[in-house]
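Spelled out, the chains give:
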Amino acid sequence: MLFFSGHSLYALLKQSNKYGIRVYCNPVNLISKKPEPKKLISKKLIPIKVQTMCGIAGAAGIPDSRSGVKKMLEILGHRGPDACGVHTAGKVSIGNTLLKITGDMPQPLVGRGAFVLNGEAFNFRELASGEGIRTDSDTELLFSMIEARVMEGKTPIEAVYSVLSRVNGDFALAYACGNELVLARDPVGVKPLFYCFRDNMESSESGKITGNTRSPEIAFASEKKALHALASGTGGEDSGFKPFPPGLVLSINTENGGTAERSLKIRPPEMRISEEKEAVFSLRKALEKAVGLRLTPHSGIAFSGGIDSALVAALARKRKPDLPLYAVGLPGSHDIGQAEYAAEALGLEDALITHFLSPEEIEAAVPQVIYATESTDPMKISIGLPLYIVSKIARENGVKVLLTGQGADELFGGYRRHEAFLEEGADVLDREIFSDLENISTINLERDDMVTMANAVELRVPFLDREVIKVGLAIRPERKVLKTDGGYSRKHVLRKAAEGLLPPELFRKEKKAMQYGTGVQKVLDKLARDAGFPKKEGNHIEKYLVTVSREKGFKLNRFSS
């Protein structure tokens, strides 16, 4: 009889079915280390109904990696206030802070290897059915699938890659098995992950590797601030931390620093959709599914009243008619007026929750957003402020998941610059749209995740669903930015897909960037001038933000432009 310490291992169950072995599980509370009663895992598995978001962190090759990871998780506590766990095996420690959406499953999951996940596999039910596994936990499903492949002889990186190649979801994860640590991030970079890796290999003057002075040093976390805490706590240099590339699966040998890579990155389309009717049908079908997959009992929508958020609301209300819509802005601001207009046009007046911002509230939130985004860049702060306050209000109302229209402009040509690209040629516009998607993580997604998770609210982006991206990239660029006698129709194919769901009058409404539509930019301008930074001298808002950062004791080498 074999006993395995850790959470229940469905991968082992598959092996037990194959070889007739009875598998037992001895779950362990990863904080107290007290074993729970042994439980028999049968072929008929009990649904757990778990959806979780969180922060993850890990380290290897540093003194007392377990204490270092605990320190990082303390910094990430806002991302997961419901539970915290750390697992150490050899030189590697990995950990998780848990935000429960529904259910309860502390991480790391431990079996042959150890696993932490920030994110969700939205198609996990399809995957579970294909694997013959009955579970409502995407975390345990992915872990069991990876473990099963390792037990079948695959290397850890091949096991992780083969599983994630089938996943439609947003994720940042780590899997430690033996001497291998595998890190992975979703293809677009919806979920943030930062890391530092020093292989500590000695080289001769010719550049030839001559030896290994000590074990490689590895650290990763959902936010850079956690890595800074690790560096300062271990005497390490506060540098070298960078975003983990979206779509990368990276394996690092914790003994010798050897690496291997696999790619999940978005790829150019193999086939193109030229006919408008086919494009509209395929896009609408993909969007309907993407929105439905992301709804939970505790969902809401960040609602500006523009076509993107209005379309998400129209699709969501088919499944959840009482879904709340959240709009913020100064009294009389563009976004408040547009949100009220759109909600009335959609017949969702009762679902709209408006919050009127005040200069005092914005001023009070500035240091919180600087800390959350780890930046004093005026653009990041001005866009992050209204989203931070939206998520704060939503959380106070019991909402843990916010859907947003982020990604629609990048995928469907929604910016004015896309008109100029079309003038240069359809292929130029095509390349620029693809480039926008490749860079959306560092430009937008990391900021948005950090300001919402500062309030323990998860942001979900149906326009960046794997299938929506696949369809969107396949649609010819001329269907996205349409040149007419009267000018240009940006996001043309998206507007056509919205016909019948949105009133025509919504298509004609002017869109403003969030910082201007909410009035936040105007308030920041005044706050900077009142703080003694004249606008005429230039960079006055950034100077104000740097001053706030200094006054709050933030280290400027961390919170810089």
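Look up: the structure comes first, before these words.
Residues numbered from 1 in each chain as written. Predicted model: local features only at pLDDT ≥ 70, side-chain atom pairs only at ≥ 80, totals over all residues. Heavy atoms only, no water.

1. Observations concerning the side chain of Lys-225
Within the fold, Lys-225 resides in helix H6 (residues 224-234). At 3.2 Å, the side chain of Lys-225 and the backbone oxygen of Ala-372 are in polar contact. Those residues within four positions of Lys-225 in sequence are excluded, and the remaining contacts are Ile-75, Tyr-371, Ala-372 and Glu-374. (Helix = DSSP H or I, 4+ residues; strand = E, 2+ residues; numbered from the N terminus. Polar contact = N/O pair within 3.5 Å; in protein donor to acceptor, adjacent residues only side chain to side chain. Contact = heavy atoms within 4.5 Å.)

2. Examining the environment of Gln-515
Within the secondary structure, Gln-515 is located in helix H18 (residues 514-517). Spatially, the C-alpha atom of Gln-515 lies 5.4 Å from that of Ser-382, the residues being 133 residues apart in sequence. When near neighbours in sequence (up to four residues on either side) are disregarded, Gln-515 contacts Met-379, Ser-382, Ile-383, Val-520 and Gln-521.

3. A closer look at empty space enclosed by the protein
All chains considered together, the criterion is met by two cavities of 30 Å³ or more. In terms of lining, the largest cavity is formed by Val-190, Lys-191, Leu-445, Asp-448, Asp-449, Leu-459 and Val-461. For the lining of the largest cavity, the per-class residue count stands at four nonpolar, no polar and three charged. Residue lining of the second largest cavity: Ala-313, Ala-316, Arg-317, Pro-321, Leu-323, Leu-325 and Leu-348, and that is the complete set. Classifying every residue of the lining of the second largest cavity by side-chain character gives six nonpolar, no polar and one charged. (1 Å grid on protein atoms, 1.4 Å probe; cavity = no way out; pocket = protein on both sides within 12 Å on 5 of 7 lines; lining within 4 Å. Points joined across faces, edges and corners; volume = space filled by probe spheres on them. Nonpolar A, V, L, I, M, F, W, Y, C, P; charged D, E, K, R; others polar.)

4. Observations regarding helix H7 (residues 276-294)
Taking 1.5 Å per residue as the helical rise, H7 with its 19 residues ought to reach 27 Å, and the 27 Å between its terminal C-alpha atoms agrees with that figure. Residues of H7 that are buried: Ala-279, Val-280, Ser-282, Leu-283, Ala-286, Leu-287, Ala-290, Val-291, Gly-292 and Arg-294. (Expected span 1.5 Å × (residues − 1). Buried < 20%, exposed > 50% of the residue type's maximum accessible area, 1.4 Å probe, protein only.)

5. Structural notes on the sheet that holds strand S22 (residues 458-460)
What holds strands together in a sheet is hydrogen bonding between their backbones, with the strands either parallel or antiparallel. Reading across from one edge, S20-S19-S18-S21-S22 is the order of the five strands in this open sheet, with parallel pairing throughout. Lying at the two open borders of the sheet, with one neighbouring strand each, are strand S20 (352-356) and S22. The mean inter-strand angle of the sheet, taken between neighbouring strand axes irrespective of direction, is 30°. With two bridges connecting them, strand S18 (residues 299-302) and strand S19 (residues 325-329) associate as parallel partners. Residue pairing for S19: Ala-302 is matched across the bridge by Tyr-326. Its contacts with the sheet put helix H8 (residues 307-316) on S18, S19 and strand S21 (401-403), and the angle it makes with S18 is roughly 155°. (Pairing = 2+ DSSP bridges. Axes fitted to C-alpha atoms, helices over the stretch in contact; angles between N-to-C directions.)

6. Here's the deal with the packing of aromatic side chains
As enumerated under the stated definition, the model contains four aromatic pairs in all. When the ring of Tyr-371 is compared with that of Phe-554, the centres are 5.6 Å apart and the planes differ by 35°; the resulting orientation is tilted. Residue Tyr-371 is located in helix H10 (residues 359-373), and its partner Phe-554 is located in the segment after helix H20 (540-551); the two are separated by 183 residues in the primary sequence. Ring geometry for Phe-412 against Phe-463: centres 6.5 Å apart, planes inclined by 75°, an arrangement best described as edge-to-face. Of the two residues, Phe-412 is situated in helix H12 (residues 408-412) and Phe-463 in the loop between S22 and helix H15 (466-474); the sequence distance between them amounts to 51 residues. Of the two residues examined, Phe-412 and Phe-463, each falls in the buried class. (Phe/Tyr/Trp six-rings, centres within 6.5 Å; stacked < 30°, edge-to-face > 60°.)

7. Thoughts on the pairing of strand S10 (residues 180-185)
Of all six residues making up S10, six are buried, and the element is well covered by its neighbours. Burial of the side chains of S10 extends over both faces: Glu-180, Val-182 and Ala-184 are buried on one face and Leu-181, Leu-183 and Arg-185 on the other. Where strand S9 (residues 169-177) hands over to S10, the hairpin turn is made up of two residues, of which Gly-178 adopts a positive phi near 60°. Taken together, the five bridges between S10 and strand S16 (residues 248-253) define a ladder with antiparallel strand orientation. Looking at the pairing, Val-182 lines up with Ser-251 of S16.

8. Considering the layout of surface pockets
Of the voids in this model, the second largest pocket is the one considered here, and its volume is about 820 Å³. Elements with a contribution of two residues or more to the lining of the second largest pocket: helix H5 (156-164), S9, H7 and H15. At seven residues, H15 tops the list of elements feeding residues into the lining of the second largest pocket. Classifying every residue of the lining of the second largest pocket gives 18 nonpolar, five polar and ten charged.

9. Quick look at the packing of H7 against H8
The geometry of H7 relative to H8 is characterised by a closest axis approach of 9 Å and an angle of 75° between their N-to-C directions. One element, H7, and the other, H8, form an angle in the roughly perpendicular class. Residue-level contacts link Leu-287, Glu-288 and Val-291 of H7 to Leu-311, Val-312, Leu-315 and Ala-316 of H8. Residue classes in the contact of H7 with H8 are distributed as six nonpolar, no polar and one charged. (Parallel < 35°, antiparallel > 145°, perpendicular 65-115°, else oblique.)

10. Considerations on the nonpolar core
Membership of the largest hydrophobic core comes to 58 residues, with the highest contact counts inside it found for Leu-283, Ile-301, Phe-303, Leu-311, Leu-464 and Leu-502. For this core, the element with the most residues is H8, which contributes eight residues. Each residue touching Leu-502, except ones within four places of it in the same chain, is listed here: Ile-307, Ala-310, Leu-311, Ala-314, Leu-346 and Phe-507. Grouped together as the second largest cluster of nonpolar side chains are 35 residues, Val-369, Val-399, Leu-459 and Ala-528 included. (Core = buried A, V, L, I, M, F, W, Y, C linked by side-chain atoms within 4.5 Å.)

11. Focus on helix H14 (residues 426-453)
For H14, spanning 28 residues, the distance from its first C-alpha to its last is 38 Å, which sits close to the expected 40 Å at 1.5 Å a residue. Its maximal kink placed at Asn-439, H14 deviates by approximately 60°. Taken across its 28 residues, H14 has 20 buried, putting it largely inside the fold. (Bend = angle between axes of the 7 residues up to and from the residue.)

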